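Next come the chains, spelled out residue by residue.
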Amino acid sequence: MKKLGDAEFEIMEVLWRHDSPLTSNEILDEIIEKRNWKLPSLMTVLSRLSEKGFVYCDRSTRTNYYHSLISEDEYKVNQSESFLEKMYSRSAQKFIAGLYQGKKLSPYDIKELRKYLDSLEKDGE
């Protein structure tokens, strides 16, 4: 799976928030505050997303409707695995150690992580 650029990701976030397909104008209305785009700019990015296999455009009516072909969770899992492999040789322990050494984990974060790992262990029994 290809990685999304920042603008592509913002559009996908809009699509992921909605259960039903959206028109390009509906998408534009939601991203206009982040991106001061006109419709042609959005259409270029939507076309790119379609080519990458992330978005489907239903052209069966007079109005084109766009919807996501992959879920947010699918994308995030894929990108997390790719990041972990590339940066930490697939080692979650090395990743967490890097966060800890970089002082990016608070005592609260560590407590929550420990609680989460304990719950995973209990579910596996």
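Higher on the page you've got the structure.
I will try to describe carefully the structure that is included in this document.

What counts and what doesn't
Residues numbered from 1 in each chain as written. Predicted model: local features only at pLDDT ≥ 70, side-chain atom pairs only at ≥ 80, totals over all residues. Heavy atoms only, no water. Helix = DSSP H or I, 4+ residues; strand = E, 2+ residues; numbered from the N terminus. Buried < 20%, exposed > 50% of the residue type's maximum accessible area, 1.4 Å probe, protein only. Phe/Tyr/Trp six-rings, centres within 6.5 Å; stacked < 30°, edge-to-face > 60°. Contact = heavy atoms within 4.5 Å. Salt bridge = Lys/Arg side-chain N within 4 Å of Asp/Glu carboxyl O.

A word on unusual backbone geometry
Positive phi, normally seen in glycine, also occurs at Ser89, with a value near 50 degrees. Mapped onto the fold, Ser89 is located in the loop between α4 (72-88) and α5 (92-101). Despite not being glycine, Lys103 shows a phi value in the positive range, around 60 degrees. Lys103 sits in the exposed class, given a relative accessible area of 72%.

Quick notes on the packing of aromatic side chains
Tallied over the entire structure, the rule returns 7 aromatic pairs. Aromatic side chains Trp16 and Tyr75 sit 6.1 Å apart centroid to centroid with 35 degrees between the ring planes, which places their arrangement in the tilted category. Here Tyr75 lies in helix α4 and Trp16 lies in helix α1 (residues 6-17), a separation of 59 residues in the sequence. Note on accessibility: Trp16 and Tyr75 belong to one class, buried. Aromatic side chains Phe83 and Phe95 sit 5.9 Å apart centroid to centroid with 85 degrees between the ring planes, which places their arrangement in the edge-to-face category. One end of the pair, Phe83, is in helix α4; the other, Phe95, is in helix α5, and 12 residues separate them in sequence.

What to know about the side chain of Thr23
Considering the arrangement of structural elements, one finds Thr23 in the loop between α1 and α2 (24-31). The exposure class assigned to Thr23 is buried, which follows from its relative accessible area of 13%. Ignoring sequence-local partners within four residues, the contact set of Thr23 consists of Thr63, Asn64, Tyr65 and Tyr66.

Comments concerning the pattern of salt bridges
For the structure on display, the rule yields 7 salt bridges. Across the salt bridge formed by Glu8 and Lys52, the nearest N and O atoms sit 2.9 Å from each other. Linking Glu8 in helix α1 with Lys52 in helix α3 (residues 39-52), this pair joins segments that are 44 residues apart in sequence. Residues Arg90 and Glu85 are paired through a salt bridge, measuring 3.5 Å at the closest nitrogen-oxygen approach.

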